[in-house]
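Next come the chains, spelled out residue by residue.
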Amino acid sequence: MSDVTPGAVLDLLGMLAYGELVAFDRMAADARLAPDLRRRAVLSEMAAREISNYGRLADRLVELGADPEAAMAPYVRAVSDYHEQTEPNDWLEGLTKAYVGDGIADDFTREVALILDAPDRDLILDVLHDSRHADFAADELRAAIAVDPKVANRLSMWARRLVGEAISQSLRVAGERPSLGVLLATHGTDFQALIKRLTSAHTERMGAVGLNN
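This text gives an overview of the structure that appears in the document. Predicted model only: the values in this text are computed from it and were never measured. (Residues numbered from 1 in each chain as written. Predicted model: local features only at pLDDT ≥ 70, side-chain atom pairs only at ≥ 80, totals over all residues. Heavy atoms only, no water.)

**Thoughts on the environment of Ala 70**
Mapped onto the elements, Ala 70 comes out in helix α3 (residues 68-72). Taking the C-alpha atoms as reference points, Ala 70 and Ala 193, separated by 123 residues in sequence, lie 33 Å from one another. (Helix = DSSP H or I, 4+ residues; strand = E, 2+ residues; numbered from the N terminus.)

So this is what it looks like as structure tokens:
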């Protein structure tokens with residue numbers, strides 16, 4: 001779409017690139033919390049996928065004449081604060097964080113990406129398409145709850161904390177990088193409807209693994 005500003009595209013790519021870089025670090029760290037070597041190997045493979053996605057986004061930023069480090073820099077503090085405030089204490093909390101937190105972030109990014117033209121829209125949607133980590137986390141959570149139903153209450157409370165912190169940091173980013181909000185507003189996005197869609201997807205995601213919203 002011709003009225004999408006280059007700055008908004010760079011902001012979105014920079015935000016997503018940094019997200020992929022952090023996801024690599026987190027998955028590599030979470031792999032060390034895995035209760036066995038099979039699960040450790042699965043997460044290690046997924047971490048490799050994340051760093052590959054980062055490379056694709058960084059390459060696109062370079063194609064657009066941007067410095068990937070500079071494009072990512074505005075998001076470092078907010079993302080770092082989010083992860084510092086939501087450091088998991090164990091394997092299941094780490095899985096819940098990946099399943100809930102990443103799910104909300106991906107839903108929002110997908111909404112914004114749909115406004116863009118190809119090839120940026122297609123690149124972002126392709127990066128978000130890989131659901132292996134979410135599927136793996138969901139299977140692990142369902143299995144853990146089946147063994148010990150009481151764990152659902154603890155993880156539900158943890159998930160609510162994750163959502164609250166994610167919203168707080170998202171509002172912070174929106175205030176510091178208004179181009180994304182302007183992008184949505186320019187294309188007639190109904191913010192109340194957007195929030196409703198994100199909330200509905202989150203509620204469905206929680207219920208799918210046996211967690212209370």
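That shown, we press on.
**Considering the nonpolar core**
Judged by nonpolar contacts, the single largest core of 27 residues is most densely connected at Leu 12, Leu 57 and Ile 124. Broken down by secondary-structure element, the contributors of at least two residues to this core are α1 (6-31), α2 (37-63), α3, α5 (91-113), α6 (120-129) and α9 (179-186). The leading source of residues in this core is α1, at nine residues. Residues within four places of Ile 124 in sequence aside, it is in contact with Leu 12, Leu 13, Leu 16, Thr 109, Ala 113 and Leu 116. Core analysis: the second largest hydrophobic core is formed by 25 residues, Ala 31, Leu 43, Leu 141 and Ile 145 among them. (Core = buried A, V, L, I, M, F, W, Y, C linked by side-chain atoms within 4.5 Å. Buried < 20%, exposed > 50% of the residue type's maximum accessible area, 1.4 Å probe, protein only. Contact = heavy atoms within 4.5 Å.)

**Let's talk about empty space enclosed by the protein**
Within the structure shown, the criterion is met by one cavity of 30 Å³ or more. Considering only enclosed or pocket space, the largest cavity measures out at about 40 Å³ in volume. Asp 30, Leu 33, Leu 43, Trp 91, Gly 94, Leu 95, Ala 98 and His 133 together form the lining of the largest cavity. Counting residues per element, the lining of the largest cavity draws most heavily on α5, which supplies four residues. In terms of residue class, the lining of the largest cavity is built from five nonpolar, two polar and one charged. (1 Å grid on protein atoms, 1.4 Å probe; cavity = no way out; pocket = protein on both sides within 12 Å on 5 of 7 lines; lining within 4 Å. Points joined across faces, edges and corners; volume = space filled by probe spheres on them. Nonpolar A, V, L, I, M, F, W, Y, C, P; charged D, E, K, R; others polar.)

Scope: geometric values only; no functional claims are made or implied.
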